[in-house]
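This is what each chain is made of:
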Amino acid sequence: AQSVTQPDIHITVSEGASLELRCNYSYGATPYLFWYVQSPGQGLQLLLKYFSGDTLVQGIKGFEAEFKRSQSSFNLRKPSVHWSDAAEYFCAVASSGNTGKLIFGQGTTLQVKP
Amino acid sequence: EAGVVQSPRYKIIEKKQPVAFWCNPISGHNTLYWYRQNLGQGPELLIRYENEEAVDDSQLPKDRFSAERLKGVDSTLKIQPAELGDSAVYLCASRSRRRNEQYFGPGTRLTVT
């Protein structure tokens with residue numbers, strides 16, 4: 001069965017510092033991978049996605065993620081965090097079929113210190 | 001392009017009462033999803049529609065939950081009767097088949113007292 005694990009429930013970084021959020025997935029075939037961000041009281045906004053091709057994908061708001069098949073990982077990174085990045089981040093996996101059904105991790109809450 | 005619209009944004013009801021949530025997806029999106037997000041968790045799929053047909057409702061608690069998508073556009077999710085454990089955020093999403101991306105609405109936060 002497909003599953004997603006986000007090992008870090010809560011992360012605190014200083015503004016301007018670099019960020020890496022971890023995501024590990026379990027899926028037998030080639031997965032479709034996504035990162036979403038959710039601000040308090042808001043819906044989920046897509047940051048980036050990986051379907052195939054270049055394993056380093058660029059997203060919105062200066063985020064990037066790297067797909068590593070050997071490690072079953074899809075970690076999200078940002079070189080310099082802004083206070084507005086404080087939010088909850090969700091990694092998700094979908095089958096490569098056409099259902100679009102997403103399996104989400106439990107999320108990582110990012111706190112940014114001034 | 002307008003996003004996914006949901007209403008109400010917040011709902012507080014007593015247990016055993018009925019409640020309904022409404023969703024208007026992005027125009028042209030044939031696929032619509034309802035998710036439930038418990039506090040501190042990621043969203044979990046309840047039901048998926050392709051046009052007006054429910055094609056994946058395996059996670060929907062059918063004894064108390066029902067959903068419909070008449071005419072393949074708007075959708076309503078209903079709970080009757082509500083239980084304390086139904087307190088959660090209910091998210092609606094629609095999918096662009098061309099881009100294979102899901103777009104989420106702001107959600108309805110349900111509190112059952």
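Here, every reference points to the structure presented above.
Not measured: the values here are computed from a predicted model.

**Examining the pattern of salt bridges**
Then step 1. Summed over all chains, the structure comprises 11 salt bridges over all chains.
Then step 2. For B:Glu101, the salt bridge goes to A:Lys49, with nearest N and O atoms at 2.7 Å. You can see B:Glu101 sitting in strand S10 (residues 101–104) and its partner A:Lys49 sitting in strand S6 (residues 44–50), one on each of two chains.
Then step 3. A relative accessible area of 5% means that B:Glu101 is categorised as buried.
Then step 4. Across the salt bridge formed by A:Lys78 and A:Asp85, the nearest N and O atoms sit 2.8 Å from each other.

**Brief notes about the side chain of B:Thr76**
Residues and elements named next belong to chain B.
Then step 1. You can see Thr76 is positioned in strand S8 (residues 75–79).
Then step 2. In this structure Thr76 comes out as buried when scored by relative accessible area, which is 18%.
Then step 3. Among residues more than four places away in sequence, those in contact with Thr76 are Ala20, Phe21, Trp22, Trp34, Ser66, Ala67 and Glu68.

**Here we look at the side chain of B:Glu101**
Then step 1. A polar contact is formed between the side chain of B:Glu101 and the side chain of A:Lys49, at a distance of 2.7 Å.
Then step 2. A polar contact is formed between the side chain of B:Glu101 and the side chain of B:Tyr103, at a distance of 2.7 Å.
Then step 3. Those residues in contact with B:Glu101, other than ones at most four positions away along the chain, are A:Leu46, A:Lys49, B:Ser94, B:Arg95 and B:Ser96.

**Focus on the packing of aromatic side chains**
Then step 1. Evaluated as defined, the whole model comprises 16 aromatic pairs over all chains.
Then step 2. With a centroid separation of 6.4 Å and an interplanar angle of 45°, the aromatic rings of A:Tyr50 and A:Phe74 are classed as tilted. Taken together, the residues span a long stretch of sequence, with A:Tyr50 in strand S6 and A:Phe74 in strand S9 (residues 73–78) at a distance of 24 residues.
Then step 3. Looking at A:Tyr50, the relative accessible area reads 5%, which means it is buried.
Then step 4. Judged by its relative accessible area of 0%, A:Phe74 falls in the buried class.
Then step 5. Arranged with centres 5.4 Å apart and planes meeting at 40°, the rings of B:Tyr35 and B:Phe104 form a pair that is tilted. With B:Tyr35 in strand S4 (residues 31–37) and B:Phe104 in strand S10, this pair connects stretches of sequence that are 69 residues apart.
Then step 6. Clustering of aromatic rings is evident, with ring pairs tying together A:Tyr32, A:Phe34, A:Tyr36, A:Phe51, A:Phe90, A:Phe104, B:Tyr33, B:Tyr35 and B:Phe104.

**A look at the nonpolar core**
Then step 1. If you look at the biggest cluster of nonpolar residues, it comprises 26 residues, and the most contacted ones within it are A:Trp35, A:Leu48, A:Phe74, A:Leu76 and A:Tyr89.
Then step 2. Elements represented by at least two residues in this core include exactly strand S2 (10–14), strand S3 (19–21), strand S5 (32–38), S6, strand S8 (64–68), S9, strand S10 (87–94) and strand S12 (108–113) of chain A.
Then step 3. Broken down by element, the residue count for this core peaks at four residues, all from S10(A).
Then step 4. With near-sequence residues (within four places) excluded, A:Phe74 lies in contact with A:Cys23, A:Leu33, A:Phe34, A:Trp35, A:Leu48, A:Lys49, A:Tyr50, A:Val57, A:Ala65, A:Glu66, A:Phe67 and A:Cys91.
Then step 5. Judged by nonpolar contacts, the second largest core, of 21 residues, contains B:Val4, B:Val19, B:Ile79 and B:Tyr90.

**Comments concerning the interface of chain A and chain B**
Then step 1. Of the residues lining the interface, 20 residues belong to chain A; the matching set on chain B comes to 21 residues.
Then step 2. Summed over both partners, the interface of chain A with chain B buries about 1,700 Å², with 45% contributed by carbon and sulfur atoms.
Then step 3. Where chain A touches chain B, the interface holds two salt bridges.
Then step 4. Here chain A and chain B share four residue pairs in polar contact (both at pLDDT 80 or more) between them.
Then step 5. Residue assignment for the side of chain A that touches chain B shows that the elements contributing at least two residues are S5, S6 and strand S11 (102–104) of chain A.
Then step 6. For the side of chain A that touches chain B, the element with the highest residue contribution is S5(A), accounting for four residues.
Then step 7. A class-by-class count of the residues in the side of chain A that touches chain B yields nine nonpolar, nine polar and two charged.

**Regarding the state of the cysteines**
All names here are of chain A.
Then step 1. If you walk through the whole model with that rule in mind, you get two disulfides over all chains.
Then step 2. The disulfide partner of Cys23 is Cys91, and the gap between their sulfur atoms is 2.0 Å. Across the S-S bond of Cys23 and Cys91 the torsion is about -65°, and the bridge reads as left-handed. Here Cys23 is found in the loop between S3 and strand S4 (24–26), whereas its partner Cys91 is found in strand S10, with 68 residues between them in sequence.

Thresholds, definitions, all that
Residues numbered from 1 in each chain as written. Chains lettered and ligands numbered in written order. Predicted model: local features only at pLDDT ≥ 70, side-chain atom pairs only at ≥ 80, totals over all residues. Heavy atoms only, no water. Salt bridge = Lys/Arg side-chain N within 4 Å of Asp/Glu carboxyl O. Helix = DSSP H or I, 4+ residues; strand = E, 2+ residues; numbered from the N terminus. Buried < 20%, exposed > 50% of the residue type's maximum accessible area, 1.4 Å probe, protein only. Contact = heavy atoms within 4.5 Å. Polar contact = N/O pair within 3.5 Å; in protein donor to acceptor, adjacent residues only side chain to side chain. Phe/Tyr/Trp six-rings, centres within 6.5 Å; stacked < 30°, edge-to-face > 60°. Core = buried A, V, L, I, M, F, W, Y, C linked by side-chain atoms within 4.5 Å. Buried area = accessible area lost by both parts, 1.4 Å probe. Nonpolar A, V, L, I, M, F, W, Y, C, P; charged D, E, K, R; others polar. Disulfide = S-S within 2.5 Å.

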